[in-house]
Amino acid sequence: MFGNVPYLREQRKRRAFGLGPWLLAPAAVLLLVFLYRPLLATVGLSFRGTDLLGNPTAFVGWDNYRELITDPASRRVLVTTLLLTVGSTVLALASALAAALPLRRRIPGDGVFRTVLSVPFAYSAATAATCFAGLFAPSVGTLNQVLGWFGLSGPGWLQSPALALVCVAVTTAWYEFGFAFLVLLAALKGLPQEVLEAAELDGAGGLRLVRAVIVPLVSPSLFFLAVTQTVSGLQIFTQVQVLTRGGPSGSTTTLVYELYRRAFGAGLPDYGRSSAVAVVLVVLVALVTAVQFASWNRKVTTS
């Protein structure tokens, strides 16, 4: 009666294995139609020219990519994108960790603080950028009004190339702060208290405790946030569109905004060069992510 049990188990495994591809088929079809097919079409367009009506024309080889490499304006766009990505990611992670550290222990009103500090997570990028546009406005903006109370004349935050770049980075960091805060607070709440107490008994306290004990213990969460927010930073668009529209003088133009400007902005559409920008962005995201995994993976504490 029980002699066929191994055979029955093997039959069930074969049936489950045969059912697997059918269960994966809907997701595979969606990926092929909405991800891989457009990606391949974009790569194809990047090797073609564009006529006066915006229609793809003959094969032009690497001309679109060569133009991106040799054009100083295109190199400036790449540098601006990297600066915004690094600045907003570092600012978001540092501020989120600083805000989460005091809340790892129960304090009066900690629920209120957690709710208030996680509010940015509920905002969309467009909403956050609109709020900061009112904050940075030159005449009626909140920042310049506060400076006026002290007899100071506020600058044109979004009219200066250097300040506009900082404003976009701050807006992006605030938008990303809420998610980073929630992830890091959860990681801090899960730290083994006996390890922290032993470190404090050995004399580690304050910044030394944070640097030598807490940061290594939450390094998996920091690594996760660094990767995801770097990828998000490389794709900054909404903040630039709402705050500066790439100005002043192109100082805040990012790769995604350049892609949009070439394909759908003012003037004749250039789908060939905009597709080349899109392919460069995909390659850049892959390279930056690979470098992060290669350089940080050994520094992440896994146990």
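Our subject is the structure listed above.
Because the structure is predicted, anything quoted here is derived from the model rather than measured. Residue positions are given per chain, counting from 1 as you read along its sequence in written order. Reporting of local features is limited, given that this is a predicted model, to residues whose pLDDT is at least 70; pairs of side-chain atoms are given and counted only at 80 or more, and all residues count toward the totals for whole chains, interfaces and linings. Calculation of side-chain values draws on the structure's entire complement of heavy atoms; hydrogens and water are dropped beforehand.

S.K.: So what's going on with the overall build of the protein? Which residues, and what values?
M.R.: Regarding its fold elements, the protein presents 13 helices and 2 strands. Buried residues in the protein amount to 36% of all 303 residues. The contact definition used throughout considers only heavy atoms, calling two residues in contact when any of these lie within 4.5 Å. In the protein, of all internal contacts separated by at least 6 residues, the share reaching a separation of at least 24 is 67%. Each accessible area value is a Shrake-Rupley result obtained with a 1.4 Å probe; residue values ignore everything except the protein chains displayed when judging cover. Accessible surface, the protein: about 17,900 Å² in total, of which carbon and sulfur atoms supply 69%. Here a helix means four or more residues in a row that DSSP labels H or I, a strand means two or more in a row labelled E, and each is numbered from the N terminus. The buried label goes to any residue with under 20% of its type's maximum accessible area, the exposed label to any with over 50%, and the partly exposed label to all in between, with areas taken from a 1.4 Å probe on protein chains only.

S.K.: Account for the packing of helix α8 (residues 193-201) against helix α9 (residues 207-217), naming residues and giving values.
M.R.: Where helices are involved, their axes are fitted lines through C-alpha atoms of the stretch in contact, as for all axes, and angles between N-to-C directions lie from 0 to 180°. Contact geometry of α8 with α9 gives a least axis separation of 11 Å together with a crossing angle of 165°. By the angle between their axes, α8 is roughly antiparallel relative to α9. Here α8 and α9 pass one another in a crossing that is right-handed. Every residue of α9 that contacts α8 at Val 195, Leu 196, Ala 199 and Glu 200 is listed here: Leu 209, Val 213, Ile 214 and Leu 217. In this classification, the charged set is Asp, Glu, Lys and Arg, the nonpolar set is Ala, Val, Leu, Ile, Met, Phe, Trp, Tyr, Cys and Pro, and all remaining amino acids, among them Gly, are polar. Here the residues of the contact of α8 with α9 are counted per class, giving 7 nonpolar, no polar and 1 charged. The scheme is simple: roughly parallel for angles under 35 degrees, roughly antiparallel for over 145, roughly perpendicular for 65 to 115, oblique for anything else. Here a crossing is taken to be left-handed if its near helix is turned anticlockwise relative to the far helix by less than a right angle, and right-handed if that turn runs clockwise.

S.K.: Mind laying out helix α7 (residues 161-189), listing which residues take part and the relevant values?
M.R.: Residue count minus one, scaled by 1.5 Å, sets the expected span of a helix. In this model α7 runs 41 Å from its N-terminal to its C-terminal C-alpha over 29 residues, within 8% of the 42 Å that 1.5 Å per residue would give. Its axis deflected by about 40° at Phe 177, α7 carries its strongest bend there. Axes are fitted to the seven residues ending at a residue and to the seven starting at it; the angle between these axes is taken as the bend at that residue.

S.K.: Explain the nonpolar core to me, and be specific about the residues and the numbers.
M.R.: Phe 181, Leu 184, Leu 188 and Ile 214 are the most contacted members of the largest nonpolar core, which totals 26 residues. Here this core takes 8 residues from α7, the largest share from any one element. If we ignore the near neighbours within four places in the chain, the residues touching Leu 188 are Ala 100, Leu 101, Arg 104, Ile 214 and Val 218. For the purposes of this section, nonpolar cores are sets of buried Ala, Val, Leu, Ile, Met, Phe, Trp, Tyr and Cys residues that join through side-chain atoms within 4.5 Å. Formed by 14 residues, the second largest nonpolar core is a distinct cluster that contains Val 168, Ala 169, Leu 243 and Tyr 257.

S.K.: Explain unusual backbone geometry to me, using residue names and the numbers behind them.
M.R.: Following Gly 247, the chain continues to Pro 248 via a peptide bond in cis, the omega torsion being -10°. You can see Pro 248 is positioned in the loop between α11 (238-243) and α12 (255-264). For Arg 245, which is not glycine, the phi dihedral falls at a positive 55°. Relative to the assigned elements, Arg 245 resides in the loop between α11 and α12. A relative accessible area of 57% places Arg 245 in the exposed class. The phi dihedral of Ser 249 is positive, around 55°, even though this residue is not glycine. Structurally, Ser 249 can be placed in the loop between α11 and α12. Residue classification places Ser 249 among the exposed residues on the basis of a relative accessible area of 63%.

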